[in-house]
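# Structural overview
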Amino acid sequence: SGAVTTFALLADRQPGFIAAGPDGNLWFTEASIDHSKNWIGRATPSGVINEYPVPTGGAGFGRIAAGPDGNVWFTEPGFYDAPLNKIGRITPAGAITEFASPTASPGPTGITAGPDGNIWFTEPSVGKIARLDLTPIGECVFTPTALFPGQPRLRAQTRPPRPPDPRPPAGHAVQPPPHPRYFWSLAPHHLQVA
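Everything numeric in this text was worked out from a predicted model, so none of it was measured.

Attention now moves to the overall build of the chain. The secondary structure content of the chain amounts to 0 helices and 16 strands. Out of the 194 residues belonging to the chain, those deemed buried represent 35%. Once local pairs closer than 6 in sequence are excluded, the contacts in the chain between residues at least 24 apart make up 35%. If you sum the accessible surface of the chain, you get close to 11,100 Å²; carbon and sulfur atoms cover 60% of it.

Below you can see the structure in the form of structure tokens.
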């Protein structure tokens with residue numbers, strides 16, 4: 001219909017960028033008028049607003065995007081004369097974690113969830129794009145015969161029988177979303193955890 005409804009923030013805060021979150025709410029960046037403090041805001045479609053302080057002050061008006069992991073990700077670019085090097089993650093419950101880029105003073109700005117399941121962002125101060133891997137190094141990936149039980153570097157899989165053992169091959173892993181994980185098999189197998 002074209003009707004516009006506005007929702008007020010506290011008087012000392014300026015909103016920056018906004019994105020739809022994976023939780024059905026709207027998430028936005030905001031800064032104090034003097035740019036010394038920053039928050040990530042969450043607004044329900046009915047206009048109920050919660051604000052969460054960003055640990056690093058002077059983070060600037062970063063962009064914000066829904067992540068493939070169910071969290072919301074944002075950039076902390078800083079300012080032209082004081083660029084930062086941080087990417088932030090906020091959970092639907094409001095817990096914030098910051099990750100530093102190895103690039104010195106890149107001023108990360110644009111951010112998006114990539115088709116590879118990782119977070120991608122731009123570093124305009126140094127002319128780069130960067131990827132933040134959401135899969136820890138050494139994490140096992142679900143395969144037809146192996147499961148990742150939820151901790152990096154831990155894999156459970158059934159060991160196929162050794163010749164001349166006539167039993168069928170390895171058990172089959174089942175990982176329906178979001179959490180149950182189990183094996184099925186027509187014969188007994190040895191379970192290996194590595």
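That was the structure; now back to the text.
Now for the sheet that holds strand β2 (residues 26-32). Pairing is antiparallel in the open sheet, where 4 strands are placed in the order β1-β2-β3-β4. The open sheet has two edge strands, β1 (13-20) and β4 (49-53), and neither has a second partner. Along the sheet, successive strands turn relative to each other by an average axial angle of 25°, direction set aside. Of the strand pairs in this sheet, β2 and strand β3 (residues 38-43) are connected by 6 bridges, and their pairing is antiparallel. Pairing of Leu26 across the sheet is with Ala43, part of β3.

So, about the sheet that holds strand β9 (residues 111-113). Spatial strand order, β9-β10-β11: 3 strands in an open sheet with antiparallel pairing. The sheet is open, and its two borders are formed by β9 and β11 (128-132), each paired with just one other strand. Averaged over neighbouring strand pairs, the angle between their axes works out to 25° when direction is ignored. Where β9 and strand β10 (residues 119-123) come together, 3 bridges link them in antiparallel fashion. Across the sheet, residue Ile111 finds its bridge partner in β10, namely Phe121.

If you walk through the whole model with that rule in mind, you get 4 salt bridges. The salt bridge involving Asp12 is made with Arg13; its shortest N-O contact spans 3.6 Å. The partly exposed category is assigned to Asp12, whose relative accessible area is 38%. Under the relative-accessibility criterion, Arg13 is labelled buried at 17%. A salt bridge links Arg131 to Asp133; the shortest N-O distance between them is 2.5 Å. The exposure class of Asp133 is partly exposed, given its relative accessible area of 44%. Through salt bridges with shared partners, a single network forms among Asp12, Arg13 and Glu51.

A few words on unusual backbone geometry. Even without being glycine, His35 reaches a positive phi, approximately 65°. In this structure, His35 sits in the loop between β2 and β3. Even without a glycine there, the phi angle at Ser105 is positive, about 50°.

As a further point, take the packing of aromatic side chains. One pair of aromatic rings is described through two measures. These are the centre distance and the angle between the planes. Throughout the structure, instances matching the rule amount to 2 aromatic pairs. Pairing Trp27 with Tyr52 gives two aromatic rings, centres 6.3 Å apart and planes at 25°, and the pair type is stacked. Highlighted residues: Trp27 in strand β2 and Tyr52 in strand β4, separated in sequence by 25 residues. With respect to class, Trp27 is no different from Tyr52; both count as buried. A cation over an aromatic ring shows up here: Arg13 above the ring of Trp39, its NZ or CZ 3.6 Å from the ring centre.

Conventions we followed
Residues numbered from 1 in each chain as written. Predicted model: local features only at pLDDT ≥ 70, side-chain atom pairs only at ≥ 80, totals over all residues. Heavy atoms only, no water. Helix = DSSP H or I, 4+ residues; strand = E, 2+ residues; numbered from the N terminus. Buried < 20%, exposed > 50% of the residue type's maximum accessible area, 1.4 Å probe, protein only. Contact = heavy atoms within 4.5 Å. Areas by Shrake-Rupley, 256 points an atom, 1.4 Å probe, with all protein chains shown as cover. Pairing = 2+ DSSP bridges. Axes fitted to C-alpha atoms, helices over the stretch in contact; angles between N-to-C directions. Salt bridge = Lys/Arg side-chain N within 4 Å of Asp/Glu carboxyl O. Phe/Tyr/Trp six-rings, centres within 6.5 Å; stacked < 30°, edge-to-face > 60°. Lys NZ or Arg CZ within 6 Å of the ring centre and 35° of its normal.

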